[in-house]
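Close look at the chain arrangement
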Amino acid sequence: MYDYDLLVVGSANADLVIGVERRPGAGETVLGSDLAVHPGGKGANQAVAAARLGARTALLARVGDDAHGRLLLDSQRAAGVDTVGVLVGGAPTGVALITVDPSGDNSIVVSPGANGRLTPQDVRAAASLFQASKVVSAQLEIPLETVVEVVRRLADGSRFVLNPSPPRPLPAEVLAACDPLIVNEHEAKVILGDSAVGETPEDWARILLAKGPRSVVVTLGAEGALVASAQGVTRVASVQVDAVDTTGAGDAFTAALAWKLGTGSALAEAAAYAARVGAVAVTREGAQVSFPTAAEVEALSCAHPGDAASDGGSAAGRAPGRGSESAPGIGSGGGSL
C-alpha cells in the first residue's frame, strides 16, 4: 500500500565540526582541531539513519545550489534515500557550527539558510509523497507553519512523529497529531511552560500527554528513556557504551523509533531498539557517517543482551547530559563495542 516506510520532512545542513578541550567563555578564544565538514541537519540525519537500517525512506527538504547542498544530496543518495522531494535553491544551504569536547558532548549553533525557505506551499506540492508514506517524521529546524502544514497533509492511517528541536511552544493541532512526541528534559520543559510541575520524567510525560499527543517519549541520556501513552508509563533502560561523539545520536534514535513503529512494534519495543541504534552511533565520530546498519545494531544486541530492555527502573551510569543533542538511552563508560 505504501511506497515509503518513512517520509522525513525537515532540515539539511552542512555540519562544520571542531574538537575542543573546553568551550570558550565570553570574549575568550580557544584552539581546536582541524575543521571537519559532514552532511547533517536533523531531517537529513533522520532520513539517512532510517535508510541505513533498511527503511524505504524519502526526504522533503531544501538545500542551496552550492557545494554543501551537493554534499548533502550525495550523502542521501549513497544511503539509499529517495531525494525526489529535496528542493534546490532559494538560499545557501544551512550550516551547523559544532564543537565537541573530550567527553563526546557537543554544542551547536545553526544558520538555517535554505531550511528557512521550506514553505507550506512546498509541503502542499509534495502531496503524493504524503499519500505514499506510512510514517512521517518532522523536527523544528524548519518553519513552524511548515510543520503545521505537514500535519494537515498526513494520509489517512499514517503516523506522525515529532522531535520538537529546537523547542518552542506547539499549536494544539500539532500536539494532537504526535504519536509520539519525542523530547528530552530541556524540550519537555519548554513545551510544558507554566505547566511544568513535578520533578520526575514520569510527571513531565503525563502532563505532556494531557496536552494532546497520542504518545510521548522522554529521552534521559544515560538514564535511558521512558514511553508514555494511554496504557501507562514504561522505562526503557540505557545501553552501556563508550561515547566518542553524540552528534546526531538523537536523530538516529528518532529515525529508528519511527521506522519500528511503522513495522508494527509497540512503543516500548521500538524505543528499546532505537536506544541500541543511538548507542552504536555515539561510538563513532560525526553524524550521518556514524549511523549503523541493522546488522551492526544486531551485533550490539548480541554483545549487550541485557541492555535496553523495558523495565520499571532507571539505568545506571553517568549521564552525559540531557541537552538537545545528548544521546538518548545511552550510558557512557559501561563498555565498548
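Residues numbered from 1 in each chain as written. Predicted model: local features only at pLDDT ≥ 70, side-chain atom pairs only at ≥ 80, totals over all residues. Heavy atoms only, no water.

1. Details of the sheet that holds strand β3 (residues 36-40)
The strands making up a sheet associate through hydrogen bonds between their backbones, and the pairing can be parallel or antiparallel. The strand order β3-β2-β6-β7 describes an open sheet built from four strands, whose pairing is mixed. Each of the sheet's edge strands pairs with one partner strand only, and the pair in question is β3 and β7 (106-111). Strand-to-strand, the axes of this sheet are offset by a mean angle of 25°, without reference to chain direction. Two elements, strand β2 (residues 13-19) and β3, share five bridges in a ladder whose sense is antiparallel. For Leu16, the partnering residue across the bridge sits in β3 and is Val37. Sitting on the sheet, helix α2 (residues 67-79) is in contact with β2, β3 and β6 (94-100), with an inclination near 60° to β3. (Pairing = 2+ DSSP bridges. Helix = DSSP H or I, 4+ residues; strand = E, 2+ residues; numbered from the N terminus. Axes fitted to C-alpha atoms, helices over the stretch in contact; angles between N-to-C directions. Contact = heavy atoms within 4.5 Å.)

2. A few points about the pairing of strand β11 (residues 215-219)
Of all the five residues making up β11, five are buried; the element is thus mostly covered by neighbouring parts of the structure. Of the two faces of β11, the one holding Ser215, Val217 and Thr219 and the one holding Val216 and Val218 are both buried throughout. In this structure, strand β10 (residues 178-183) lies alongside β11, joined through three bridges in parallel fashion. Bridging across to β11, Leu181 finds its partner in Val216. Following β11, the chain reverses through five residues before pairing antiparallel with strand β12 (residues 225-229); Gly221 in that reversal takes a positive phi of roughly 60°. (Buried < 20%, exposed > 50% of the residue type's maximum accessible area, 1.4 Å probe, protein only.)

3. A few points about a nonpolar patch on the surface
A contiguous nonpolar surface patch, about 230 Å² in accessible area, is contributed by Ile18, Leu35 and Val37. Mapped onto the elements of the fold, Val37 is located in strand β3. (Patch = residues over 30% accessible without salt bridge, like charges linked within 9 Å, V, L, I, M, F, W, Y side chains within 5 Å. Areas by Shrake-Rupley, 256 points an atom, 1.4 Å probe, with all protein chains shown as cover. Salt bridge = Lys/Arg side-chain N within 4 Å of Asp/Glu carboxyl O.)

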